[in-house]
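# Analysis of the macromolecular model
Residue-level listing of the chains:
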Amino acid sequence: MITPLLALVLVAAQPSAPPADPHLENNPLYRQAVEVGFPMAAAGPIKLPPPLVLDGADSQSVRARLAGLPQRTVPVEELMRKSVVAPLVFGFREVAAADTDLPVRGLDVYFVAYGRLEPARGEQLLRDVLEAAKKEAKIHQLTPEELNSRNIEPPAAEDKMIGRRYYFAEFALLDRVQLSATAQTYVSQTERSVVAAWLIDPRFAQDKQFPNTWRPLKIDPITGKAELGQPQRYDGCASYLRITRLSDPAETVFVEYHTVFVEPQAWFGGANLLRSKLPLLIQSQARSFRRQIGSEQ
């Protein structure tokens with residue numbers, strides 16, 4: 001027979017339930033990323049890693065989680081240092097692919113920054129990221145008319161980034177590949193966090209105006225003009241970015257970014273160019289973000 005006192009002891013001995021993640025309910029693309037996965041050049045749907053930090057986390061729990069990351073190469077205290085140039089955790093993952101000519105890569109990034117993150121500020125940060133991206137790529141937000149003509153329901157509240165949006169982007173990748181794609185994005189926010197998830201939308205694979213394609217790119221060393229090869233279909237990328245304000249210390253945020261993408265062998269002939277170039281690029285972006293939210297130099 002279980003006495004009331006014994007019942008209390010048994011309840012107290014049970015591990016506490018993990019905090020709920022409100023973005024799983026509010027952001028369908030993010031929910032698909034971590035719970036269902038996306039079809040790519042693999043045997044089955046590919047999931048993205050669940051977030052390391054949820055709303056309500058404090059610096060002590062963040063330290064413990066950072067300590068357990070296999071990609072970590074520096075002491076946790078260095079990662080927590082209040083500095084624009086503090087290190088970050090960065091690591092590639094290999095994903096089992098069904099076609100050796102279409103390998104699938106995963107990339108995970110984690111870092112700490114110091115500054116304020118209020119809900120309105122979170123949306124402005126995403127706008128700043130979009131504006132910065134426009135300096136490197138041609139980006140067009142699809143209009144309600146363009147979506148209606150493709151039997152896609154236009155999003156509401158066009159003046160805000162929160163919710164679902166569609167963007168077409170065209171840019172050069174390491175001066176070797178021109179990538180063009182239409183991404184479906186979904187942004188959600190709470191009082192403590194912002195999540196932006198996106199996926200190259202396969203419905204635009206054969207679109208005449210906004211196609212998902214890649215083309216070989218050659219730059220003439222004399223004229224500097226770009227020579228483009230034949231377009232080939234590309235649907236292989238899904239990502240999410242999560243920015244979470246910690247409960248303590250004050251004005252501390254945790255940033256994590258997860259992505260999976262197909263990297264055709266034809267892009268770089270099997271050379272690890274992205275592995276060599278991306279770390280410096282992401283470190284630069286992390287420093288820029290820290291400055292934006294007010295980190296100390």
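Model, not experiment: these values are computed from the prediction.

### Regarding the overall build of the protein chain
- Helix and strand counts for the protein chain come out as 9 helices and 11 strands.
- Here the protein chain, with 297 residues, has 47% of them falling under the buried criterion.
- For the protein chain, long-range pairs separated by at least 24 residues make up 62% of all intrachain contacts whose partners lie at least 6 apart in sequence.

### Thoughts on the packing of aromatic side chains
- With the rule as written, the count across this model stands at 9 aromatic pairs.
- An angle of 25 degrees between the planes, with centres 6.0 Å apart, marks the rings of Trp-198 and Tyr-257 as stacked. Taken together, the residues span a long stretch of sequence, with Trp-198 in strand β6 (residues 193–200) and Tyr-257 in strand β11 (residues 252–262) at a distance of 59 residues.

### Some remarks on the nonpolar core
- In terms of nonpolar packing, the biggest core is built from 47 residues, with Phe-90, Phe-111, Tyr-234, Val-253, Trp-267 and Phe-289 touching the most fellow members.
- Not counting residues within four places of it along the chain, the set of residues in contact with Phe-90 comprises Gln-71, Leu-107, Asp-108, Val-109, Leu-278, Pro-279 and Ile-282.
- In this structure, Val-62, Leu-69, Leu-246 and Phe-254 belong to the second largest nonpolar core, which totals 15 residues.

### Here we look at the side chain of Thr-259
- Here Thr-259 lies in strand β11.
- The exposure class of Thr-259 is buried, given its relative accessible area of 3%.
- For Thr-259, the side chain forms a polar contact with the main-chain oxygen of Ala-238, separated by 3.1 Å.
- Separated by 2.7 Å, the side chains of Thr-259 and Ser-239 make a polar contact.
- Beyond its immediate stretch of four places on either side in the chain, Thr-259 contacts Leu-48, Arg-93, Arg-105, Gly-106, Leu-107, Cys-237, Ala-238 and Ser-239.

### So, the environment of Ala-197
- Within the fold, Ala-197 resides in strand β6.
- With a relative accessible area of 2%, Ala-197 lands in the buried category.
- When the C-alpha atoms of Ala-197 and Leu-241 are compared, they prove to be 6.4 Å apart, with 44 residues separating the residues in sequence.
- Those residues in contact with Ala-197, other than ones at most four positions away along the chain, are Asn-27, Leu-29, Tyr-30, Gln-184, Thr-185, Tyr-186, Ser-239 and Tyr-240.

### Let's talk about the pattern of salt bridges
- What the rule picks out here adds up to 12 salt bridges.
- Here Asp-201 ties to Arg-203 by a salt bridge, and the two come within 2.7 Å at their closest N and O atoms.

### Points about helix α3 (residues 28–36)
- Along α3, the residues classified as buried are Leu-29, Tyr-30, Ala-33 and Val-34. End-on view of α3: buried residues confined to an arc of 120 degrees, all on one side of the axis.
- Buried residues belonging to α3 abut α2 (23–26), β4 (163–173), β5 (177–189), β6 and β10 (237–245).
- Downstream of α3 by a residue or two, Gly-37 has a phi angle that is positive, lying close to 100 degrees.

### Thoughts on unusual backbone geometry
- Looking along the chain, the bond that leaves Asp-248 and enters Pro-249 is cis, with omega of -5 degrees.
- Note that Pro-249 resides in the loop between β10 and β11.
- Residues other than glycine seldom take positive phi values, yet Asp-175 does so here, at roughly 60 degrees.
- Relative to the helices and strands, Asp-175 is located in the loop between β4 and β5.

What counts as what
Residues numbered from 1 in each chain as written. Predicted model: local features only at pLDDT ≥ 70, side-chain atom pairs only at ≥ 80, totals over all residues. Heavy atoms only, no water. Helix = DSSP H or I, 4+ residues; strand = E, 2+ residues; numbered from the N terminus. Buried < 20%, exposed > 50% of the residue type's maximum accessible area, 1.4 Å probe, protein only. Contact = heavy atoms within 4.5 Å. Phe/Tyr/Trp six-rings, centres within 6.5 Å; stacked < 30°, edge-to-face > 60°. Core = buried A, V, L, I, M, F, W, Y, C linked by side-chain atoms within 4.5 Å. Polar contact = N/O pair within 3.5 Å; in protein donor to acceptor, adjacent residues only side chain to side chain. Salt bridge = Lys/Arg side-chain N within 4 Å of Asp/Glu carboxyl O. Arc of directions from axis to C-beta.

By themselves, these are just geometric observations and shouldn't be taken as functional.
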